[in-house]
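Per-entry structural report
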Amino acid sequence: MSGFNLAETGHLVQLWEPANHTAAESTKVVNMGGYSHLTAIISYGATPAADGLITVESCSDMTPTVHTEIAFDYYECIVDFEGALGDVMSTKKSAATTGMVPTATANIMYIIELEASQLTSGHVGFRFSQANPTGDSIMSAVAILSGARYKSPASPTVIA
């Protein structure tokens, strides 16, 4: 096999189901104990409200008891992905601990890249949060974990 086989050497987690997310909400904590890298893909259908700010938190445990917002790198595709060049990502951008403001364009996506080494010392995983968008925010998000420490076709859960 050449390339990356997600089912055998990685792990897939649904962060937000495809829906109209109209309130402040956080995902479950994704435990990074068995992986070194997390790629989050956030896809918007309707034009997101700018106040639906996205943040990433380093979490002390699966509850989480302590959660600290962290800076992160991301890429964006703000051209409607159904049109020409809709699969072309921007250059790398950086978000401060205050988060990333989605661009008010329909049918866009963001890719957030995180390394387990970005976790605060003693923390176990990442959690994503959306501030109250005060309007329609039709979106979904998944996380792809890679750099498995223990590869297995049936990898154990990372959200419980």
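A brief structural summary. (Residues numbered from 1 in each chain as written. Predicted model: local features only at pLDDT ≥ 70, side-chain atom pairs only at ≥ 80, totals over all residues. Heavy atoms only, no water.)

One pass over the full model with this rule turns up three aromatic pairs. When the ring of phenylalanine 72 is compared with that of tyrosine 74, the centres are 6.1 Å apart and the planes differ by 55°; the resulting orientation is tilted. Judged on exposure class, the residue phenylalanine 72 and its partner tyrosine 74 are both buried. (Phe/Tyr/Trp six-rings, centres within 6.5 Å; stacked < 30°, edge-to-face > 60°. Buried < 20%, exposed > 50% of the residue type's maximum accessible area, 1.4 Å probe, protein only.)

What follows is about the pattern of salt bridges. Tallying each qualifying case throughout the model produces three salt bridges. The salt bridge partner of arginine 127 is glutamate 57, with a shortest N-O separation of 2.6 Å. Separated by 70 residues along the polypeptide, arginine 127 in strand S10 (residues 125-130) and glutamate 57 in strand S5 (residues 54-59) bring together distant segments of the chain. The burial state of arginine 127 is the same as that of glutamate 57; both residues are buried. When the shortest N-O distance is used, the salt bridge between lysine 93 and glutamate 76 registers 2.8 Å. Here lysine 93, found in strand S8 (residues 93-95), pairs with glutamate 76, found in strand S7 (residues 72-77); they are 17 residues apart in sequence, far enough to count as distant. (Salt bridge = Lys/Arg side-chain N within 4 Å of Asp/Glu carboxyl O. Helix = DSSP H or I, 4+ residues; strand = E, 2+ residues; numbered from the N terminus.)

Bringing the pairing of S10 into the picture now. Burial within S10 is extensive, with six of its six residues counted as buried. Burial along S10 is two-sided: Gly125, Arg127 and Ser129 facing one way and Phe126, Phe128 and Gln130 facing the other are all buried. Alignment of strand S2 (residues 25-26) against S10, held across two bridges, turns out to be antiparallel. Directly across from serine 26, in S10, lies its bridge partner serine 129. (Pairing = 2+ DSSP bridges.)

This paragraph deals with the sheet that holds strand S9 (residues 108-115). The strand order across the open sheet built from six strands is S1-S11-S4-S9-S7-S8, with neighbouring strands paired in antiparallel fashion. Here the strands that pair on one side only, and so sit at the sheet edges, are strand S1 (11-20) and S8. Neighbour-to-neighbour, the strand axes of the sheet open up by a mean angle of 20°, direction not taken into account. By the bridge criterion, eight bridges tie strand S4 (residues 37-44) to S9 in an arrangement that is antiparallel. Note that in S9 the partner of isoleucine 42 across the bridge is tyrosine 110. (Axes fitted to C-alpha atoms, helices over the stretch in contact; angles between N-to-C directions.)

Core analysis: the largest hydrophobic core is formed by 31 residues, its most contacted members being Leu38, Ile112, Leu114 and Phe128. Elements represented by at least two residues in this core include exactly S1, S4, S5, S7, S9, S10 and strand S11 (138-146). Discounting chain neighbours no more than four positions away, the residues touching isoleucine 112 are Leu38, Thr39, Ala40, Ile42, Ile54, Val56, Phe72, Asp73, Tyr74 and Phe128. (Core = buried A, V, L, I, M, F, W, Y, C linked by side-chain atoms within 4.5 Å. Contact = heavy atoms within 4.5 Å.)

As far as function goes, none of this settles anything; it's purely spatial.
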